[in-house]
Amino acid sequence: RQSKSLSYGSWCLVGVAVLLAFSWLLKQLSEADKKPRFRAAVIQPNIPQDDKWNETLKSKIIQLHENLTKLVAYDKPDLIVWPEASFPGYLNVDSDRNRVLELQKEIKTPILVGSPALELLREKTSVITHRSVAYNSAFLVGGDPEGDERYDKIRLVPFGEFVPWAGFFRVFGVEKLAYSMGVGDFSAGKKMRVFALKNGLKFSSLICFEDIFPSLARQAVSKGAKFLVVITNDAWFGKSAAAYQHLEASQFRAIETGLPVIRSANTGVSAFIDSDGVVVDRVKDKRSKDSFIMGGLTRSVEIGGRGTFYVQVGYLFPVGCFISVFLLVGSGLRRDVLRTDKRQ
């Protein structure tokens, strides 16, 4: 009798679990239909790294970006994304920026442009002096005037975009050597920015390897971002696995934040990632090759924002796990000591 009642109770529990799972699935499907969507486009120009800053190719490079942008604009996206450092100059001071402004007016669609920015800082010492400071930035051209227009990269690549501990390395001449080998001299941005489209939709951009830092993505969500954009130039890595490893970093940020991620990469991989971290589509050619090819892609994107546990509490969970393990180990050691004392 006891065995039969136990079996009956087990089946009841299984039935309840199945009903709960089924009701949860129905809820998810109904909520998916209610989630707002927007259309976004990415372009992948595939500019060789040796050509990107060749002054004689500047006009040709801009023309290529214009052509790809007009191509994806036919699909009427709400936003078009260019890769990191796609504009071959300082967009905020370069006269060729007018070509980008005119392009945006022609297609009537906001464009997120990756470009260096140049600022003249005024310093007060014994005499007033000025110095130029460069940033690796993302500009939103044609967005909501109430939103931010520029984001300056916060996390710079050591020995790629700046020389860390420059004062120390200067003594040994390493700083000059690094700059002679092409290391950039960028300054870091101060805070995460939130861009806004004219329909009120907000988003933030991560530049290059910034998508390996969970805290930056979480900051963006806390400021109201409803999706993330990653702009990058992975041409540095050549035809290696690095571009795909970098794509996986973006997938993790989507999973952690519960937001979709849109990637525009110079040589690939340019892709659309949903809020569950699944790559739903990518720029590719007829042979399904997705790196070191030229192209563009427009897709409908489902806005996330379900609020993951990580977004809500941050690092409290791993910290709590560490404290729990520490207390368990400590209590175990204490019991061993007490047992030893009793035996003695």
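Scroll up to find the structure.
## Brief notes about the overall build of the chain
- For the chain, the count of helices and strands is 9 helices and 12 strands.
- Here the chain holds 344 residues, and 43% of them are scored as buried.
- Contacts in the chain between residues at least 24 apart in sequence constitute 69% of all its contacts with a sequence separation of at least 6.
- Accessible surface computed for the chain: about 19800 Å², of which carbon and sulfur atoms make up 59%.

## Examining the packing of helix α6 (residues 214-222) against helix α7 (residues 242-257)
- Following both chains from N to C, one finds α6 and α7 inclined at 45°, their axes separated by 10 Å at the closest point. It follows from the interaxial angle that α6 and α7 lie oblique. For the element pair α6 and α7, the recorded crossing hand is right-handed. Across from Pro214, Ala217 and Val221 in α6, the residues of α7 making contact are Arg253, Glu256 and Thr257.

## Things to note about the sheet that holds strand β8 (residues 227-232)
- Here 6 strands make up an open sheet; going across it, the order is β6-β7-β8-β9-β10-β11 and the pairing mixed. Bordering the open sheet on either side are β6 (195-196) and β11 (279-282), each of which pairs with just one other strand.
- Alignment of strand β9 (residues 261-265) against strand β10 (residues 271-273), held across 3 bridges, turns out to be antiparallel. Residue pairing across strands places Val261 opposite Ile273, the latter belonging to β10.

## Here's the deal with α7
- Compared with the 22 Å implied by 1.5 Å per residue over 16 residues, the 23 Å span of α7 between its first and last C-alpha is a close match.
- Residues Ala242, Ala243, His246, Leu247, Ala249, Ser250, Gln251, Arg253, Ala254 and Thr257 constitute the buried set of α7.
- Looking one or two residues beyond α7, the residue adopting positive phi is Gly258, at roughly 75°.

## Some details on the packing of aromatic side chains
- One pass over the full model with this rule turns up 5 aromatic pairs.
- On the basis of an interplanar angle of 85° and a centroid distance of 5.3 Å, the ring pair of Phe209 and Phe213 is categorised as edge-to-face. Neither Phe209 nor Phe213 differs from the other in exposure class; each is buried.
- An aromatic cluster is present here, built from Phe38, Phe195, Phe203 and Phe227 joined pairwise through their rings.
- Cation over ring: Arg155 sits above Phe213, and NZ or CZ is 4.3 Å from the ring centre.
- Over the face of the ring belonging to Phe292 we find Lys239, whose NZ or CZ atom lies 5.7 Å from the ring centre.

## Examining the nonpolar core
- Membership of the largest hydrophobic core comes to 45 residues, with the highest contact counts inside it found for Leu112, Phe203 and Ile262.
- The leading source of residues in this core is β8, at 5 residues.
- If sequence neighbours within four positions are ignored, Ile262 has contacts with Phe38, Ala40, Val42, Val81, Phe227, Leu228, Val229, Val230, Ala271, Phe272 and Val301.
- Counting residues in hydrophobic clusters, the runner-up holds 23 residues, among them Ile62, Leu64, Phe87 and Tyr135.

## Quick look at the pattern of salt bridges
- On inspection of all chains with the given rule, the structure shows 13 salt bridges.
- Between Lys58 and Asp94 there is a salt bridge, with its nearest N and O atoms 2.5 Å apart. Linking Lys58 in helix α2 (residues 58-73) with Asp94 in the loop between β2 (79-81) and α3 (97-107), this pair joins segments that are 36 residues apart in sequence.
- For Lys58, a relative accessible area of 10% gives the class buried.

## What about the environment of Ala138?
- Tracing the backbone shows Ala138 in strand β4 (residues 128-141).
- Taking the C-alpha atoms as reference points, Ala138 and Lys153, 15 residues apart in sequence, are found 8.0 Å from one another.
- Once residues within four sequence positions are removed from consideration, Ala138 is found in contact with Leu112, Val113, Gly114, Glu149, Arg150, Tyr151, Phe195, Ser205, Ile207 and Ile231.

## Quick word on the side chain of Asp281
- By the secondary structure assignment, Asp281 is in strand β11.
- Only 3.3 Å separates the side chain of Asp281 from the side chain of Arg299, close enough to count as a polar contact.
- Non-local contacts of Asp281, meaning those with residues more than four positions away in its chain, are made with Ala271, Phe272, Leu297 and Arg299.

## Observations regarding the layout of surface pockets
- Taken as a whole, the largest pocket holds about 770 Å³ of empty space.
- For the lining of the largest pocket, the secondary-structure elements that each account for two or more residues are β4 and α7.
- When residues in the lining of the largest pocket are grouped by element, the largest group, 4 residues, is from α7.

Conventions adopted
Residues numbered from 1 in each chain as written. Predicted model: local features only at pLDDT ≥ 70, side-chain atom pairs only at ≥ 80, totals over all residues. Heavy atoms only, no water. Helix = DSSP H or I, 4+ residues; strand = E, 2+ residues; numbered from the N terminus. Buried < 20%, exposed > 50% of the residue type's maximum accessible area, 1.4 Å probe, protein only. Contact = heavy atoms within 4.5 Å. Areas by Shrake-Rupley, 256 points an atom, 1.4 Å probe, with all protein chains shown as cover. Axes fitted to C-alpha atoms, helices over the stretch in contact; angles between N-to-C directions. Parallel < 35°, antiparallel > 145°, perpendicular 65-115°, else oblique. Left-handed = near helix turned anticlockwise from the far one by under 90°. Pairing = 2+ DSSP bridges. Expected span 1.5 Å × (residues − 1). Phe/Tyr/Trp six-rings, centres within 6.5 Å; stacked < 30°, edge-to-face > 60°. Lys NZ or Arg CZ within 6 Å of the ring centre and 35° of its normal. Core = buried A, V, L, I, M, F, W, Y, C linked by side-chain atoms within 4.5 Å. Salt bridge = Lys/Arg side-chain N within 4 Å of Asp/Glu carboxyl O. Polar contact = N/O pair within 3.5 Å; in protein donor to acceptor, adjacent residues only side chain to side chain. 1 Å grid on protein atoms, 1.4 Å probe; cavity = no way out; pocket = protein on both sides within 12 Å on 5 of 7 lines; lining within 4 Å. Points joined across faces, edges and corners; volume = space filled by probe spheres on them.

Don't take any of this as a statement about function, it's just geometry.
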